[in-house]
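Analysis of the macromolecular model
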Amino acid sequence: ESKDYFLKEAISFLGIQQLKGVGFKSLYKYSQKGGSFNECLKLSTYAEFQKALKVSAVVNSDLSWSEAQEKIWAEGLKQARRLKDNGIQLIFHNQPDFPKTLLEIHTPPSWLFVQGRIGNLVGNSVALVGSRKASDDGLWMTKYIVACLQGFPVSTVSGLALGIDQMAHEASIQFEIPTIAILGTGILENYPQGSQKLRKDIISSGGTVISEYLPNDSY
């Protein structure tokens, strides 16, 4: 029953987020107040739907609300299949797999898009972040620090950006340490340009790529 509930939540969420006028902030606020995306999509009228999300979402004016609901659901299903084909999971903050420590921060994510090993999101980790225009010394020091972590039960965390971040991920792969890349874009975006191979290497080496942004959100 719980699995079916969250599947419907995911499909409804993925459909609603594609509507013009609906963005990350409005969906986040709705979720943080305990709103159900599936229940929102099932509301009797378009006006009730807009009022619940506090947005002026744009749907095709040629469609009745019931027809629009069906189209939103179909678009959500299409997006869910695309994510699945790319090995991406969508987990909400009230699901068992959601990292509990994230719920303790000031503005916790309401959902996460996760590609790769979800188990890396619990346990100890070491974050390494730095300049995109890193010096040779900075790159060397990053690699040295990661090498010193070999053999410890930790994951490394960085942001996939050029410079220090990418070196942190690359060194982690080299020294067989699970690494987590936290994106500043949607998980379906190719940013920074040229990082596709590193993302694949992170996943294939047992690491994880995550984002709280909507799948096609730009930086």
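Description of the structure in this document.

Calculation notes
Residues numbered from 1 in each chain as written. Predicted model: local features only at pLDDT ≥ 70, side-chain atom pairs only at ≥ 80, totals over all residues. Heavy atoms only, no water. Helix = DSSP H or I, 4+ residues; strand = E, 2+ residues; numbered from the N terminus. Buried < 20%, exposed > 50% of the residue type's maximum accessible area, 1.4 Å probe, protein only. Contact = heavy atoms within 4.5 Å. Axes fitted to C-alpha atoms, helices over the stretch in contact; angles between N-to-C directions. Parallel < 35°, antiparallel > 145°, perpendicular 65-115°, else oblique. Left-handed = near helix turned anticlockwise from the far one by under 90°. Nonpolar A, V, L, I, M, F, W, Y, C, P; charged D, E, K, R; others polar. Pairing = 2+ DSSP bridges. Phe/Tyr/Trp six-rings, centres within 6.5 Å; stacked < 30°, edge-to-face > 60°. Expected span 1.5 Å × (residues − 1). Arc of directions from axis to C-beta.

Remarks on the environment of Leu121
Turning to its location among the elements, Leu121 is positioned in the loop between β2 (111–116) and β3 (125–127). Given a relative accessible area of 14%, Leu121 falls into the buried group. Counting along the chain gives 22 residues from Leu121 to Pro99, while the straight-line C-alpha distance between them is 6.1 Å.

Quick look at the environment of His93
Considering the arrangement of structural elements, one finds His93 in the loop between β1 (88–92) and β2. Separated by 97 residues in sequence, His93 and Asn190 place their C-alpha atoms 25 Å apart. Not counting residues up to four positions away in its chain, the partners in contact with His93 are Ser31, Phe98, Leu103, Pro109 and Ser110.

Observations concerning the packing of helix α7 (residues 164–174) against helix α8 (residues 196–204)
Where α7 meets α8, the axes come as close as 10 Å, and the angle between the chain directions of the two elements is 40°. Taken together, α7 and α8 sit at an angle that is classed as oblique. In this structure, α7 meets α8 at a crossing whose hand is left-handed. Contacts between α7 and α8 involve Gln166, His169, Glu170 and Ile173 on the former and, on the latter, Leu198, Asp201 and Ile202. Classifying every residue of the contact of α7 with α8 gives three nonpolar, two polar and two charged.

Quick word on the sheet that holds strand β6 (residues 208–211)
One open sheet accounts for six strands, arranged β1-β2-β6-β5-β4-β3; its pairing is mixed. The open sheet has two free edges, formed respectively by β1 and β3, since each of these has just one partner strand. Going from strand to strand, the sheet's axes swing by 25° on average, the running direction of each strand aside.

Overview of the packing of aromatic side chains
For the structure on display, the rule yields 15 aromatic pairs. With centroids separated by 5.9 Å and ring planes inclined at 15°, the aromatic side chains of Phe24 and Tyr28 adopt a geometry described as stacked. Note that Phe24 and Tyr28 are positioned in helix α2 (residues 24–32) at a spacing of four residues, about one turn of the helix. Here Phe24 matches Tyr28 in class, with each residue buried. Taken together, Phe13, Phe24, Tyr28, Tyr30, Phe37, Phe92, Trp111, Phe113 and Tyr213 form an aromatic cluster joined through their ring pairs.

Things to note about helix α5 (residues 65–85)
Relative to the 30 Å expected for 21 residues at 1.5 Å per residue, α5 spans 30 Å between its end C-alpha atoms, a close match to the ideal helical length. Buried residues of α5: Trp65, Ala68, Gln69, Ile72, Gly76, Gln79 and Leu83, and no others. The buried side chains of α5 occupy one side of the element, clustering within an arc of 100° when seen end-on. Exposed residues lying more than 90 degrees from the buried face of α5 are Glu70, Lys78, Arg81, Lys84 and Asp85. Packed against the buried residues of α5 are α1 (2–16), α3 (37–41), α4 (46–53), β1 and β2. Once α5 ends, the next one or two residues include Gly87, with phi positive near 70°.

Notes on unusual backbone geometry
For residues that are not glycine, phi is negative in most cases, and the peptide bond is trans in most cases. For the bond from Tyr191 to Pro192, the omega torsion is -5°, close enough to zero to count as cis. The phi dihedral of Leu160 falls on the positive side, at around 65°, and the residue is not glycine. Here Glu176, not a glycine, exhibits a phi torsion of approximately 60°, which is positive. Along the polypeptide, Glu176 turns up in the loop between α7 and β5 (179–182).

With respect to the packing of helix α6 (residues 136–148) against α7
Contact geometry for α6 and α7: axes closest at 9 Å, N-to-C directions at 35°. For the pair α6 and α7, the crossing hand works out as right-handed. Where α6 abuts α7, its residues Gly138, Leu139, Thr142, Lys143 and Val146 lie against Ile164, Met167, Ala168, Ala171, Ser172 and Gln174. Grouping the amino acids of the contact of α6 with α7 by side-chain chemistry returns six nonpolar, four polar and one charged.

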